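# Fold and geometry: a report
Given next are the chains, with one letter for each unit.
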Amino acid sequence: FRSLRIGAALVALVVLATGTLWLLSNRALARRYDVTAAPITIPTDSAALARGRHLATAIGKCVDCHGENLGGTVMDMGPFGTFSPPNLTTGRGGSPARSDAEWVRTIRHGVGAGGRPLVFM
């Protein structure tokens, strides 16, 4: 009888911990952030584009989630299912054209349109 009570207490503890984590994460994801990105000048010369390619592939690892051409991909997350990072290009199925300030807000601050947090950014 004692082992039954211990088992029930452990199950109740797991349910309580899971519920608490779910509530806290939902509250964090529901927050809205007002981020005003400082205006920047984005260079478009060949050296800057090469540097950007290096940052996206070797340093920032953008391609790990968004794919080699940043066109989006499907990631197998094992027992957690799959995750589909978005297509960052303006091509077919891609994101709409964004201003430089929107890109800065997304990449530097991890905040998307409408002030919503971008979990994996």
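Throughout what follows, the structure given in this document is the object of discussion. Every value quoted in this text rests on a predicted model; they were computed, and no experiment measured them.

With that settled, the discussion passes to helix H4 (residues 100-109). Within the sequence span of H4, burial applies to Val-104, Arg-105 and Thr-106. Downstream of H4 by one or two residues, Gly-110 has phi in the positive range, about 65°.

Let us look at the side chain of Asn-87. Along the chain, the position of Asn-87 falls in the loop between strand E2 (82-83) and H4. A relative accessible area of 13% places Asn-87 in the buried class.

Before going further, it helps to spend a moment on unusual backbone geometry. Not every positive phi belongs to a glycine, and Lys-61 is a case in point at roughly 60°. Mapped onto the fold, Lys-61 is located in the loop between helix H2 (46-59) and helix H3 (62-66). Classification of Lys-61 as partly exposed rests on a relative accessible area of 41%. Of note, the phi angle at Leu-70 is positive, near 60°, even though the residue is not glycine. With respect to the secondary-structure elements, Leu-70 resides in the loop between H3 and strand E1 (75-76). Owing to a relative accessible area of 27%, Leu-70 belongs among the partly exposed residues under this scheme.

Turning our attention to a nonpolar patch on the surface. A cluster of nonpolar residues, Ile-6, Leu-10, Leu-13 and Leu-16, forms a patch on the protein surface that exposes about 410 Å² of accessible area. Looking at the element boundaries, Leu-10 is found in helix H1 (residues 2-30).

The next subject is the environment of Ile-107. Following the sequence through the fold, Ile-107 ends up in helix H4. Using a relative accessible area of 54% as the deciding quantity, one classes Ile-107 as exposed. For the pair Ile-107 and Leu-118, spaced eleven residues apart in sequence, the C-alpha to C-alpha distance is 9.6 Å.

Thresholds applied
Residues numbered from 1 in each chain as written. Predicted model: local features only at pLDDT ≥ 70, side-chain atom pairs only at ≥ 80, totals over all residues. Heavy atoms only, no water. Buried < 20%, exposed > 50% of the residue type's maximum accessible area, 1.4 Å probe, protein only. Helix = DSSP H or I, 4+ residues; strand = E, 2+ residues; numbered from the N terminus. Patch = residues over 30% accessible without salt bridge, like charges linked within 9 Å, V, L, I, M, F, W, Y side chains within 5 Å. Areas by Shrake-Rupley, 256 points an atom, 1.4 Å probe, with all protein chains shown as cover. Salt bridge = Lys/Arg side-chain N within 4 Å of Asp/Glu carboxyl O.

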